[in-house]
Amino acid sequence: MAKIAVMGYGTIGSGVVEALSVNKETIAKKAGEPVEVKYILALRDFPGTPIEDKIVHDYKIIAEDPEISVVVETMGGVEPANTFAMAMLRSGKSVCTSNKALVVEYGAELMETAVENHCNFMFEASVGGGIPIIRPLYECLTPDEVTEIAGILNGTTNYILTEMDQKGVSFDDALKQAQALGYAERDPSADVEGGDACRKIAILSSVATGKRVVFTDIHMEGITNVTTADFNYAAALDMSIKLLGVSRMADGKMKSMVAPFLIHSDYPLYNVKDVFNGIMVTGNIVDTLMFFGRGAGKLPTAAAVVADVVKCIKLGSVSGTIPWSRDVLKPENYLDYTNRFLVRLPESASEETQKLFKTEQILRGVVDGEMAVITAPMTEAEYLEAEKTCGQVIGKTRMYQ
Ligand code: HSE
């Protein structure tokens, strides 16, 4: 019998306990022994519920219990999650987390500590909810140099953008629905302003490059400025708009950005809708792979945590190696990245204005009183200069290519 503890009994923590109970036999078979939750670390007492007798309020009870081999961390946030996770690892207990804030901040240190203490630190659920992406990226793409990761990494914003695109629902109403469905972060600004996707692309980029990527070094734009008019242009071009995290690696350097992109219906990511996430990974040997599934929600995320728990039980005191070191890989300055842009302008915009944007295509009649131009590839710096000189830009969206 493997005895484990769960720290944090919110949406994901309770999902882990539920998944372990619902699929008890299947999980026992795969782990090689039954898996029992001995402790749940929570702030409340949950009187009269089946978990009442498992509740503890002091993490040291878990850290000091030699029976516990694996600890799930689903508290969220950097502290006290880091202190608690470190204490567990130093006691030789493997830690499985869904907490991307913790992984992006202290991933390298936590992995080093796990190796030093003959246990493991796993974080499959920190990116892409139920989608297996961390382990495939790290373990299955071993022969490859990863050259690109492009992902729809936030379920809440993908849900909102899909509702806006397909039903013309307002941004605010779609966000409320996403919150009611339990997809959104406690503070939804992390979803809609891109911080959540930014942390996730930082983690994936760290796994792919073997170096720490600091998420605040990544240029980030959220979806709060996306309007239904933008979707009218997208529809006219047989495209949609998706919040993408994109990292491109070449010659030891990396370009990385999170922003809304127009994406053509020819690309598989176009069809990733609602709360689903999709991640395309390109390697120089394997070519392009696509990972798809529910990127948020109680049970899908819990599934990824439980998979890690089972992996840790099977590994016992054998430590996996460390996916990335403490060395920082800083993305190149985003002003040097080259993109095509769709630029919305007043209907009366002059030919000179069009030239400023290296116009390749003009769209008229999509939105009353407006025209839009599609630019040739230009650097972000060139685009910003053109926008400033023009002074008439209504909106812009980058085009994924
Ligand atoms: N708020 C996140 C999302 C939850 O919507 O994708 C999963 O990280």
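Each remark here, short or long, concerns the structure printed above.
The shown structure was predicted, so the numbers you read here are calculated from the model rather than taken from an experiment.

A. Layout of the pairing of strand E13 (residues 338–346). When you tally the buried positions in E13, you get seven out of nine residues, the bulk of the element. Bridge analysis of E13 against strand E16 (residues 378–379) gives two bridges, and the strand direction is antiparallel. The partner of threonine 338 across the bridge, within E16, is threonine 379. In the sheet, E13 pairs with strand E17 (residues 395–399) via five bridges, with the strands oriented antiparallel. Within E17, the position partnered with leucine 342 by the bridge is threonine 397. By the bridge criterion, five bridges tie E13 to strand E15 (residues 370–375) in an arrangement that is antiparallel.

B. Structural detail: the site of the ligand. Lining the immediate surroundings of the ligand are Lys100, Asn154, Gly155, Thr156, Tyr183, Ala184, Glu185, Asp191, Asp196, Lys200, Gly295 and Ala296. Within the side chain of lysine 100, one N or O atom sits 2.8 Å away from an oxygen atom of the ligand. A distance of 2.6 Å is found between an oxygen atom of the ligand and a side-chain nitrogen or oxygen belonging to threonine 156. For the shell around the ligand, the secondary-structure elements that each account for two or more residues are helix H7 (155–167) and helix H10 (195–209).

C. Structural view of the sheet that holds strand E5 (residues 94–97). Spatially, E3-E2-E1-E4-E5-E6 is the arrangement adopted by the six strands of the open sheet, whose pairing is parallel. Each end of this open sheet is capped by a strand with a single partner; those strands are strand E3 (55–56) and strand E6 (121–122). Against the sheet, helix H1 (residues 11–22) engages strand E1 (2–7), strand E2 (35–41) and strand E4 (68–73), with an angle of about 155° to E1.

D. Focus on the pattern of salt bridges. In the structure shown here, the tally under the stated rule is 21 salt bridges. In this structure, lysine 38 and glutamate 67 form a salt bridge, with 2.6 Å as the shortest nitrogen-oxygen distance. On the criterion of sequence distance, the pair formed by lysine 38 in strand E2 and glutamate 67 in the loop between helix H3 (59–63) and E4 is long-range, its members being 29 residues apart. Under the relative-accessibility criterion, glutamate 67 is labelled partly exposed at 43%.

E. Region of the structure containing the packing of H1 against helix H12 (residues 298–315). Orientation of H1 relative to H12, taken along the N-to-C sense of each, is 70°, at an axis distance of 8 Å. The orientation of H1 with respect to H12, classified from their angle, is roughly perpendicular. Crossing geometry of H1 relative to H12 is assigned as right-handed. Contact residues: H1 offers Thr11, Ile12, Ser14, Gly15, Val16, Glu18, Ala19 and Leu20, while H12 offers Lys298, Leu299, Thr301, Ala302, Val305 and Val306. Grouping the constituent residues of the contact of H1 with H12 by class yields eight nonpolar, four polar and two charged.

What counts, and where the lines are drawn
Residues numbered from 1 in each chain as written. Predicted model: local features only at pLDDT ≥ 70, side-chain atom pairs only at ≥ 80, totals over all residues. Heavy atoms only, no water. Buried < 20%, exposed > 50% of the residue type's maximum accessible area, 1.4 Å probe, protein only. Helix = DSSP H or I, 4+ residues; strand = E, 2+ residues; numbered from the N terminus. Pairing = 2+ DSSP bridges. Near = heavy atom within 4 Å. Polar contact = N/O pair within 3.5 Å; in protein donor to acceptor, adjacent residues only side chain to side chain. Contact = heavy atoms within 4.5 Å. Axes fitted to C-alpha atoms, helices over the stretch in contact; angles between N-to-C directions. Salt bridge = Lys/Arg side-chain N within 4 Å of Asp/Glu carboxyl O. Parallel < 35°, antiparallel > 145°, perpendicular 65-115°, else oblique. Left-handed = near helix turned anticlockwise from the far one by under 90°. Nonpolar A, V, L, I, M, F, W, Y, C, P; charged D, E, K, R; others polar.

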